[in-house]
There are 2 protein chains.
Amino acid sequence: MTTERQFISDLAQRFPARPPVEVGIGDDGAVLDCRGASCQVIVTDMLLDGVHFDLRSTPPELAGRKAIAVNLSDLAAMGCRPTAAFVSLALPTRGTSDQDDLVRRLYDGIASLTDQFDFSLAGGDTNAWDGRLAINVCLTGIPFGQQPLLRSGARPGDAIFVTGALGGSLHSGRHLSFLPRLAESEWLVRHTQVHAMMDISDGLSIDLHRLVDASGVAAELLAWQIPVHPDARGKSAGGIVETTDFCLPDPGLRAALSDGEDFELLFTVAPEEAARLNQMATQLPARFSEIGRIVDGRGCRLRITPDETRDLPETGWQHEF
Amino acid sequence: MTTERQFISDLAQRFPARPPVEVGIGDDGAVLDCRGASCQVIVTDMLLDGVHFDLRSTPPELAGRKAIAVNLSDLAAMGCRPTAAFVSLALPTRGTSDQDDLVRRLYDGIASLTDQFDFSLAGGDTNAWDGRLAINVCLTGIPFGQQPLLRSGARPGDAIFVTGALGGSLHSGRHLSFLPRLAESEWLVRHTQVHAMMDISDGLSIDLHRLVDASGVAAELLAWQIPVHPDARGKSAGGIVETTDFCLPDPGLRAALSDGEDFELLFTVAPEEAARLNQMATQLPARFSEIGRIVDGRGCRLRITPDETRDLPETGWQHEF
């Protein structure tokens, strides 16, 4: 079985970016040059019944909303605002008493976010089949600033920040109702200089590994600085791999590192900007927590006490194919 | 059950195009203004195992190829060349002996077209589930000329043309191997002035109805001018509704009108351009057939003999939800 990391790396090698694509496979979205004008950013995510929501317990409005929200989170991670949505549906013909009602409610959820963030549903494709509901969303966006923000810009010395708090999103249902961090993304673009940014969809551990891999650097997290969400005080939904040489005793911290579906922003800024951000804390649209530092090298370490660090395993929601 | 036509009309009303979207729901693709630069066109189509191909008999390479090809056909219909592809996969975990092999072969089919038409696979999303294979493709493109071509530009007096020949695509397997009409689209943009264009995916009858509806005009087809594909001499795969007042005796012509999955271009030009196109027939990259005329009014008529016309029913592959 190929891991997702290997799979994406293979794909990126096999399908190199050709003009006008400036950034292709491997970031939260792709960047297309638009013949000298401002660039266009495109993101896509597919949500499946039984994997990303469960229609037996999830109201269709929230399934439709989540399909848009996860893509908005990707755009926020790229420092972009949304311009248009393209929604493809595979609608179940079995086990659905009223298909018109299902469709209406899915689009109610979609409309709640196109209205809130003022962009168009500009196209899509609707099919019916003898399978479960699948929703694919493709969003276009344009940068809040001059350029989109990438994962690959982190530099040694940078401070690592995260918005909000992490963990417990799946079992609390927060993954269905979270507000994509577009306001925070715009604030960051306008008030500071972000070096690298991505969203946390699969878990802080695995996503931080992706960020440092893309940037060619390493990271050290301070365990006691990581904001644990109140939802994570319950049972962790994450599938953390407890290796013999690394087992965190604090279940809340484990959840924050590995649960995933947080859809918070993970970003790095130069040290002097970090000091400024921390001073501006009260003006910020959301809680920003400084959780560690970018360093030279490869991989991620977790400082669990001031005197002790451990390798941070790549855990979280890494799917196997 | 809502018809697709009503569904799309409802969606377009509910989700009006907001800037920078210039053309939203209802054409082969959406048109986005790029801040003064050349516009961007975006198309999307989802293909499902058991609906658009059948993995029990379809090699995965052809399923992957078709997912790209149907979207290229939409871009050709908009008078655009492709720039980037975004591919989302829902991969089956059951009934697949070797998932890596399935993925590799899907991407082989995808690569055959990204290489042939020189554009990037720039992103996507890959998931696994306990369902059948679903493939969503979103393609971006830019016009061969100054502007994309829409369905809505047909004018009374225009001649109606179609590329290639129609019918029998599904049962012959042609729907898996057709060459999207990008060369023909580019040729048309460079050598004539097309008023309206779309691709024939659901069948000439239903797609012509869509074109005249979008343009606010009517059409009259000449039955004996419609190019029937040799594949249509066999069994028609179409679900033509034989109403008591309209039954075509010629099964080949019925197939050409209603089978769908032809992925040929349907377009209209002014009468003087039609004469010129017919004279240039030998220089054309593919066979172009003049099959009728745009007239004032609403709806579509089929002239079955020089003296007799009938209303052309909206048949073909109209899905019900």
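Please read all numbers here as calculations on a predicted model, not as lab measurements. Position numbers for residues count from 1 along each chain, tracking the sequence in the order it is written. Each chain takes a letter, starting from A, and each ligand takes a number, starting from 1, following the order in which they are written. Only residues with pLDDT of at least 70 are given local features in this predicted model, and only at 80 or more are side-chain atom pairs given and counted; all residues enter the totals for whole chains, interfaces and linings.

1. Quick look at the relation of the copies chain A and chain B
- Once chain A has been moved 0.0 Å along the axis and rotated by 180°, it coincides with chain B to within an RMSD of 0.0 Å. Given the turn and translation reported, the copies of this chain are related as if by a two-fold rotation axis. Overlaid copies result from least-squares superposition on C-alpha atoms, with residues included only where pLDDT is at least 70 in both.

2. Focus on the sheet that holds strand β9 (residues 218–222) of chain A
All names here are of chain A.
- Ordered in space as β8-β10-β7-β11-β9-β12-β13, the seven strands form an open sheet in which the pairing is mixed. Bordering the open sheet on either side are β8 (194–200) and β13 (308–311), each of which pairs with just one other strand. Here the strands of the sheet are splayed against their neighbours by 30° on average, with no regard to which way each runs.
- Here six bridges tie β8 to strand β10 (residues 264–269), and the two strands are oriented antiparallel to one another. Residue pairing across strands places Asp199 opposite Leu265, the latter belonging to β10. Paired strands, as defined in this entry, are two strands with at least two bridges between them according to DSSP. The secondary structure listing takes helices from DSSP runs of H or I that are at least 4 residues long and strands from runs of E that are at least 2 residues long, numbered from the N terminus. Note on method: axes are straight lines fitted to C-alpha atoms, helices fitted across the in-contact stretch only, with angles between N-to-C directions ranging 0 to 180 degrees.

3. With respect to the interface of chain A and chain B
- C-beta atoms are first placed from the backbone for all residues, and any pair lying within 7 Å is then listed as a contact. Taken together, the contacts link 58 residues of chain A with 58 residues of chain B.
- Elements with a contribution of two residues or more to the side of chain A that touches chain B: α1 (4–14), β2 (30–34), β3 (37–48), β4 (80–92), α3 (99–116), β5 (120–129) and β6 (134–143) of chain A.
- Per-element accounting of the side of chain A that touches chain B gives the leading share, ten residues, to β5 of chain A.
- As a working rule, the residues Ala, Val, Leu, Ile, Met, Phe, Trp, Tyr, Cys and Pro are called nonpolar, Asp, Glu, Lys and Arg charged, and the rest polar, with Gly in that last group. Here the side of chain A that touches chain B is built from residues that sort into 28 nonpolar, 21 polar and nine charged.

4. A short note on the sheet that holds strand β12 (residues 299–305) of chain B
Residue and element names in this part refer to chain B.
- As summarised here, the arrangement of the seven strands in space is β8-β10-β7-β11-β9-β12-β13, forming an open sheet in which the pairing is mixed. Looking at the sheet topology across the chains shown, the edges are occupied by β8 (194–200) and β13 (308–311). Averaged over all neighbouring strand pairs, the angle between strand axes comes to 30°, with direction disregarded.
- Its contacts with the sheet put helix α2 (residues 60–77) on β8 and β10 (264–269), and the angle it makes with β8 is roughly 170°.

5. Quick word on the nonpolar core
- Think of a nonpolar core as buried Ala, Val, Leu, Ile, Met, Phe, Trp, Tyr and Cys residues, each tied to the set through C-beta atoms within 7 Å. Using C-beta atoms placed from the backbone, we call a residue buried if 20 or more other C-beta atoms fall within 10 Å of its own, exposed if 12 or fewer do, and partly exposed for counts in between. Of all hydrophobic cores here, the largest spans 198 residues; its most connected members are Val41, Ala85 and Ile135 of chain A together with Val41 and Ala85 of chain B.
- Residue contacts for Ala85 of chain B: discarding those within four places in its chain leaves Ile68, Thr114, Phe119, Ser120, Leu121, Ala122, Val137 and Leu139 of chain B.

6. Let's talk about the domain arrangement of chain A
Residue and element names in this part refer to chain A.
- Boundary definitions for the domains trace back to an automatic or database domain assignment. Its domain assignment divides chain A into domain 1 (17–143) and domain 2 (151–311).
- Domain 1 and domain 2 are separated by 25 Å when their C-alpha centres are compared.
- Taken together, the contacts link 17 residues of domain 1 with 19 residues of domain 2.
- It is helix α2 (residues 60–77) that contributes the most residues to the side of domain 1 that touches domain 2, nine residues altogether.

7. Focus on the confidence of the model for chain A
All names here are of chain A.
- Across chain A, the average pLDDT comes to 90, with 91% of residues at or above 70.
- pLDDT: the predictor's confidence for each residue, scored from 0 to 100. Contacts for the low-pLDDT stretch residues 317–321, under 50 throughout, to residues beyond four places or in other chains number 21 contacts.
- Interface predicted TM-score (ipTM) for the complex: 0.92; the corresponding pTM is 0.93.

8. With respect to helix α5 (residues 182–191) of chain A
All names here are of chain A.
- Considered for burial, the residues of α5 that qualify are Leu182, Glu184, Ser185, Leu188 and Val189. Each buried residue of α5 lies within a common arc of 165° when the element is viewed along its axis, so the set occupies one face.
- In the core, the buried residues of α5 are packed alongside α2, β4, β7 (159–163), β8 and β10. To obtain the arc, one takes the directions from the helix axis to the C-beta atoms.

9. Things to note about the packing of α2 of chain A against α3 of chain A
All names here are of chain A.
- Look at α2 against α3: their axes get within 6 Å of each other, and the N-to-C directions meet at 40°. By the angle class used here, α2 and α3 are oblique. The crossing of α2 and α3 is right-handed. The residues of α3 that touch α2, namely those facing Pro60, Glu61, Leu62, Ala63, Gly64, Arg65, Ile68, Ala69 and Leu72, are Leu102, Arg105, Leu106, Tyr107, Asp108, Gly109, Ile110, Ser112 and Leu113.
- The residue makeup of the contact of α2 with α3, split by class, is eleven nonpolar, three polar and four charged. Convention used here: angles under 35 degrees read as roughly parallel, angles over 145 as roughly antiparallel, angles from 65 to 115 as roughly perpendicular, and any remaining angle as oblique. Crossing handedness is defined as follows: a turn of the near helix away from the far one that is anticlockwise and smaller than a right angle gives a left-handed crossing, while the clockwise case is right-handed.

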